[in-house]
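Letter by letter, the chains look like this.
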Amino acid sequence: LPLQMCEHTVVNLAKAMVDAGVSAGTAFAWLVVSPASSMGWFLLISRHQGIVAAVGATLAVVIGAAAIAAAIDALGIGVQQPDASANESLLRADLPSWFVDASMPGLGVLGLLSVVRMVAASATKVTGGAAAKASGKLKQG
């Protein structure tokens, strides 16, 4: 997936994947590959090397991830589960309920503000360009 994320997100998602029953190889491939590939990475390669190079690099990442997952699974390497005596709250991030409840509306507000900003920037470019043309015509006329 072309997602932009740091190591904190990747590790938590890998743990969630294992908890959901995904193989250790797939989770490890996710840990290795996902921080090094994102939409920004793809666009950077595409801009400087062309779309063919970006698609090729993406295919190399996908094939590499599949190879890593297959190798880990073939070797029978598993994920060590914590023992029952470990403090569960130290093993995972327990977020306060108010934070969990406010996160989705908060993300909605941030998304809406991003759209408003993008529309305002587009409107400024359009009206700014028309105003510059009009003022140029007035100066010449």
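Figured I'd write up the structure that's included with this text.

Calculation criteria
- Residues numbered from 1 in each chain as written.
- Predicted model: local features only at pLDDT ≥ 70, side-chain atom pairs only at ≥ 80, totals over all residues.
- Heavy atoms only, no water.
- Helix = DSSP H or I, 4+ residues; strand = E, 2+ residues; numbered from the N terminus.
- Buried < 20%, exposed > 50% of the residue type's maximum accessible area, 1.4 Å probe, protein only.
- Contact = heavy atoms within 4.5 Å.
- Areas by Shrake-Rupley, 256 points an atom, 1.4 Å probe, with all protein chains shown as cover.
- Axes fitted to C-alpha atoms, helices over the stretch in contact; angles between N-to-C directions.
- Left-handed = near helix turned anticlockwise from the far one by under 90°.
- Nonpolar A, V, L, I, M, F, W, Y, C, P; charged D, E, K, R; others polar.
- Polar contact = N/O pair within 3.5 Å; in protein donor to acceptor, adjacent residues only side chain to side chain.
- Core = buried A, V, L, I, M, F, W, Y, C linked by side-chain atoms within 4.5 Å.

Each helix and strand counted, the chain has six helices and zero strands in total. A total of 141 residues make up the chain; the buried ones form 14% of that total. Of the contacts made within the chain by residues no fewer than 6 positions apart, 58% connect residues no fewer than 24 positions apart. Approximately 10,600 Å² of the chain is accessible, and the part contributed by carbon and sulfur atoms is 70%.

A few words on the packing of helix 3 (residues 39-49) against helix 4 (residues 51-75). Interhelical geometry of helix 3 versus helix 4 gives an angle of 140° and a closest axis separation of 6 Å. Here helix 3 and helix 4 pass one another in a crossing that is right-handed. Mapping the contact onto sequence places W41, F42, I45, S46 and Q49 in helix 3 and I51, A53, A54, V55, A57, T58 and V61 in helix 4. Class assignment of the residues belonging to the contact of helix 3 with helix 4 gives a composition of nine nonpolar, three polar and no charged.

This brings us to the side chain of S34. Examined against the element boundaries, S34 turns out to sit in the loop between helix 2 (24-33) and helix 3. Overall, S34 belongs to the buried group, its relative accessible area being 7%. A distance of 2.6 Å separates a polar side-chain atom of S34 from the backbone oxygen of W30. Beyond its immediate stretch of four places on either side in the chain, S34 contacts V10 and A29.

Bringing the nonpolar core into the picture now. V10, A14, V18, A27 and W30 together form the largest nonpolar core, which totals five residues. Breaking this core down by element, the ones donating at least two residues are helix 1 (7-19) and helix 2. Looking at this core element by element, the count peaks at three residues for helix 1.

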